[in-house]
Amino acid sequence: RKYFKLSKIFQLNSGSLNGVKFSPDGTKIAVSSDTTIRIWDVKLEEEIHVLRGHSATINKLQFSPDNTLIASCSYDKTIRLWNVKLGVELLRLEGHTNAVKSIHFSPDGKNIVSASSDSTIRVWSVQFGQEIKRIEGNLGFLFDVKYSPNGEQIMSFSYTIIQIWDIKSGDIINTLRGHKSQVLAAQFSQNGLFIVSSSSDETIRLWDVISGTQLKQFHAYCKNINNIQFLDEQTIVYHFSKVIRVWDLKAGMEIQQLQEHSNYTTGADVSPDGSTIVSSCQDRAIRLWTH
C-alpha cells in the first residue's frame, strides 16, 4: 500500500480554485480558477501561464495525451483548446446550446468528446475544430463524459444511471443501474475493465464494464463526492469537506486521510505513475502529496 505525505504547496494570491489536473508526463499541473486556467511547472514550483478567454466559470479541463494542449469547457457554452508551451488559445469549439459540463480527449489525442446541459454528447476533431458526431435523444441533463482507455467506448451519466456507448455506432452497450440518487462522479480503471462511481445516495460502487453488473458497494457517509480517481487497479482517491481520502477497493476500507487543507477541497488528481496526488482548495492553495 502507498501512504502519502504533503510535499509541496503552491499558493495563489487571488481567484477561487475549482479543479486541478496533472499533465500526462507529470511535469505540469493546470488549475481552473473562475474563468481562467493557471499552469504550474511542478519542478520549478512556479506559475508559467495564465490562460484567459472564457466568459463564464470553467467546468472541466484536461491536458492532451501528448502534453501540448489543454482543453477546457465552460458555462459559456464553448470548448477551448490552448497551446501549453505558448499559453495562447488555438481553437474555440462552438455548437452546444447550453453549458458544457465535461470534455475528454480520446487516447490518441485526435478527438474530444463533450457533454452538455443541452442533453447532447458531441465528438469534435482536434485537427479541424469541427463536430464530427452527435449523440442525442432522451439523455437527460448530462453531467460528465469520458473515453475508455482503449478509445472504443465512452461513458456518460445522467441522474441515477451510467451509460456506456460504442463510439463508432453511437449505440448504448450497457446501462449501469443501482444508485438511488444523483451520480456525482464516475471513472474508468486504467485497464478499462471497471468503473467506480459515487452518488448523493452516499455510496461508492464498483462496476464490471463488460457485463454491466455491480461488483461492490461501500457506504461513503457523504453526499458530495463529486470527484473520484483510480490510484491503481485496487485503490481509489476522492475528496469531500477538507479531507482527501484513499480507499482500498479489495479490502473495502479507508486506508488514509490527507488532512492538511484549511478549507473545503475543490479538486484532486493522480499523477500518471501513481506516485503523487494533487489537490486544490478554497484556501487558494494547491497541494502535492507524495509517497
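In case you missed it, the structure is sitting above this.
The present account deals with the structure reproduced in this document. (Residues numbered from 1 in each chain as written. Predicted model: local features only at pLDDT ≥ 70, side-chain atom pairs only at ≥ 80, totals over all residues. Heavy atoms only, no water.)

### Regarding the packing of aromatic side chains
At step 1: For the coordinates displayed, the defined rule picks out seven aromatic pairs.
At step 2: Relative to Phe-143, the ring of Phe-141 has its centre 5.0 Å away and its plane inclined at 50°; by these criteria the two rings are tilted.
At step 3: When its relative accessible area of 24% is taken as the criterion, Phe-143 is described as partly exposed.
At step 4: The interplanar angle of 10° and the centroid separation of 6.4 Å between the aromatic rings of Phe-143 and Phe-157 together place this pair among those described as stacked. Of the two residues, Phe-143 sits in the loop between strand S13 (130–135) and strand S14 (144–147) while Phe-157 sits in strand S15 (residues 153–158), which places them 14 residues apart along the sequence.
At step 5: For Phe-157, a relative accessible area of 2% gives the class buried.
At step 6: Among the aromatic residues, those joined into a ring-pair cluster are Phe-141, Phe-143, Phe-157 and Tyr-159. (Phe/Tyr/Trp six-rings, centres within 6.5 Å; stacked < 30°, edge-to-face > 60°. Buried < 20%, exposed > 50% of the residue type's maximum accessible area, 1.4 Å probe, protein only. Helix = DSSP H or I, 4+ residues; strand = E, 2+ residues; numbered from the N terminus.)

### Comments concerning the side chain of Ser-33
At step 1: Relative to the elements of secondary structure, Ser-33 occurs in strand S3 (residues 28–33).
At step 2: Note on Ser-33: relative accessible area 2%, which makes it buried.
At step 3: Setting aside residues up to four positions removed in sequence, Ser-33 forms contacts with Ser-14, Gly-15, Ser-16, Leu-17, Asn-18 and Arg-38. (Contact = heavy atoms within 4.5 Å.)

### Here's the deal with the pattern of salt bridges
At step 1: This structure, assessed with the given rule, holds 14 salt bridges.
At step 2: When the shortest N-O distance is used, the salt bridge between Arg-92 and Glu-89 registers 3.3 Å.
At step 3: In this structure Arg-92 comes out as partly exposed when scored by relative accessible area, which is 43%.
At step 4: Judged by relative accessible area, which is 28%, Glu-89 ranks as partly exposed.
At step 5: Residues Arg-122 and Glu-131 are paired through a salt bridge, measuring 3.1 Å at the closest nitrogen-oxygen approach.
At step 6: By relative accessible area, which is 4% here, Arg-122 ends up buried.
At step 7: Among the charged side chains, a salt-bridge network with shared partners connects Asp-76, Arg-80, Glu-89 and Arg-92. (Salt bridge = Lys/Arg side-chain N within 4 Å of Asp/Glu carboxyl O.)

### Looking at the environment of Ser-74
At step 1: Take Ser-74: it is sitting in strand S7 (residues 69–74).
At step 2: A relative accessible area of 0% places Ser-74 in the buried class.
At step 3: A sequence separation of 187 residues divides Ser-74 from His-261, and the C-alpha atoms of the two residues are 26 Å apart.
At step 4: Leave out the neighbours within four places in its chain, and Ser-74 touches His-54, Ala-56, Thr-57, Ile-58, Asn-59, Ala-99 and Val-100.
At step 5: Among the polar contacts listed, one links the side chain of Ser-74 to the backbone nitrogen of Asp-76, at a separation of 2.9 Å. (Polar contact = N/O pair within 3.5 Å; in protein donor to acceptor, adjacent residues only side chain to side chain.)

Honestly, that's just the spatial picture; any functional story needs more than this.
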